Amino acid sequence: MFRTCEREKDRVVFQMGTADPDRALMVAQLVEKDVAAVDVNMGCPKEYSTKGGMGAALLSDPEKIEAILKKLVTGVSIPVTCKIRILPSMEETVSLVQRIEKSGITAIAVHGRFKDERPRHPVHCDYIQAVAQAVSIPVIANGGSLDLVKNYSDIEKFRKATGASSVMLARAAMWNPSVFSSQGPLPVGKVMEEYIKYAIRYDNHAFNTKYCLCQMLRDKVESPLGKQVQAAQTNAEISEAYGLHRFYQGIQQQLQAKRDALQGSSKPEKPIMDGDVTTISVKFERRDYPPQITPKMFLLEWSRKEKLEQPQYETVQRSQDRAFQSTVTVANKKYRSSLWEKSKKFAEQAAAIVCLRVLGVPEGRIGEEDSGLVCKRKREGKPNGSSEEGRSKKLHVHMQETETQKPVMGMNSDEQNPATTLKHACAVDV
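Conventions and cut-offs
Residues numbered from 1 in each chain as written. Predicted model: local features only at pLDDT ≥ 70, side-chain atom pairs only at ≥ 80, totals over all residues. Heavy atoms only, no water. Salt bridge = Lys/Arg side-chain N within 4 Å of Asp/Glu carboxyl O. Helix = DSSP H or I, 4+ residues; strand = E, 2+ residues; numbered from the N terminus. Buried < 20%, exposed > 50% of the residue type's maximum accessible area, 1.4 Å probe, protein only. Core = buried A, V, L, I, M, F, W, Y, C linked by side-chain atoms within 4.5 Å. Contact = heavy atoms within 4.5 Å. Polar contact = N/O pair within 3.5 Å; in protein donor to acceptor, adjacent residues only side chain to side chain. Pairing = 2+ DSSP bridges.

### Topic: the pattern of salt bridges
- Summed over all chains, the structure comprises 17 salt bridges.
- A salt bridge links lysine 157 to aspartate 154, with the nearest nitrogen and oxygen atoms 3.8 Å apart. One end of the pair, lysine 157, and the other, aspartate 154, are both in helix H6 (residues 152-162), three residues apart, so they sit about a helical turn from each other.
- Here lysine 157 falls in the exposed class, since its relative accessible area comes to 56%.

In structure tokens form, the structure reads like this:
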């Protein structure tokens, strides 16, 4: 999931992997008010990208490149850029870039390696230089992290060697982000500590935090500290490894206070009828509920208490952004959130929340008084075999894909936490 904030709005470039002009535009329009520019990745050589016709696979399909870039340039109000790898010959590379320039993009990044080359191979500065001399738009040199760029002064040397307008760094920046400091690099230990503080303040997903820290640790990833970081499952455990647990607790208290204030100041939204379905705009926030408690669990227990049939969930998926929306039926009445969720399971939880709120039934949020709907053992997360929600019967039907939606039906399903990231360059496949 893409996350950003007002502070970095004019610094973030949203990079996408795509092979579809229409879907690329749809995604770009979703984020254009929250980012500085949109970039299309045409250089990724990894199979997960190329097998879908994305990344470096586009280099052999200039017509599709043109279609994607022209669609974006005419469809959004922010700059559009792209990143490529070099082709087998300098002439082919220059010809492709000149063709790309005519699409109206603002700048182009050139990774100076062939599609089948990897970081261990030397970067071809002469190819980047030839491109920079052949076009009038800014050319961004990329690929010098390992052998050419080790500190701030090396960035300018790499730029001059390629004749580019500027330089893009990936690995060198992940190893130590202070490579961009004109005062010289900071000790990586201090950088990691500051990074963790940012991750805590902005509630970054723990797995992404851990990944970035392992990149900074490099050859020390198997050290006692590295092993502790690898074993961590939460930001709290990561903070403990670096002696920042007290800082973590303080920030969590601040964040909870903000959430409580927002919740207290907002008036409950009135239900709106959409045909025969009662709707409310609500999203499921996992952090608002204890680890072993969910709204679906409360709705299931309430239904049993009232001697009703189990809640039945019907979920649809939009093809354009793969988001989900679920409708729950209880006592022959239907309830649904008007907002779309990132996963089927979250969509079902949102539908359960709508039903519970309309009925005036507790939903299990942190801070709610004990309603008695869910036993103490479940609230405290004590093992007692599989959960009621997990034991409930599931109803599966064949998924039939339509042009806009994919319907899925089920009674109940297991929990799943979303993966979220916080980056200054966000890359997604669309």
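### Describing the nonpolar core
- In this structure, Met42, Leu69, Cys82, Ile84, Ile100 and Ile108 are the most contacted members of the largest nonpolar core, which totals 53 residues.
- Sort the elements by how many residues they give to this core and helix H1 (residues 21-31) lands first, with six residues.
- Ignoring any residue separated from it by four or fewer positions in sequence, one finds cysteine 82 in contact with Asp39, Val40, Met42, Leu69, Ile100, Ile105, Ala107, Ile108 and Ala109.
- Grouped together as the second largest cluster of nonpolar side chains are 23 residues, Phe346, Ile353, Leu356 and Leu373 included.

### Quick word on the side chain of threonine 315
- Take threonine 315: it is sitting in strand E9 (residues 312-318).
- A polar contact of 3.1 Å, which involves the side chain of threonine 315, links it to the side chain of serine 326.

### Regarding the pairing of strand E11 (residues 333-337)
- Bridge count for strand E8 (residues 277-280) against E11 is four bridges, and the pairing is parallel. Considered in E11, the bridge of threonine 279 is made with arginine 336.
- Sheet analysis places strand E10 (residues 324-330) next to E11, joined by four bridges and oriented antiparallel. Paired with threonine 327 across the two strands is arginine 336, which belongs to E11.
- The antiparallel hairpin formed by E10 and E11 contains two residues in its connecting segment, where alanine 331 sits at a positive phi of about 50°.

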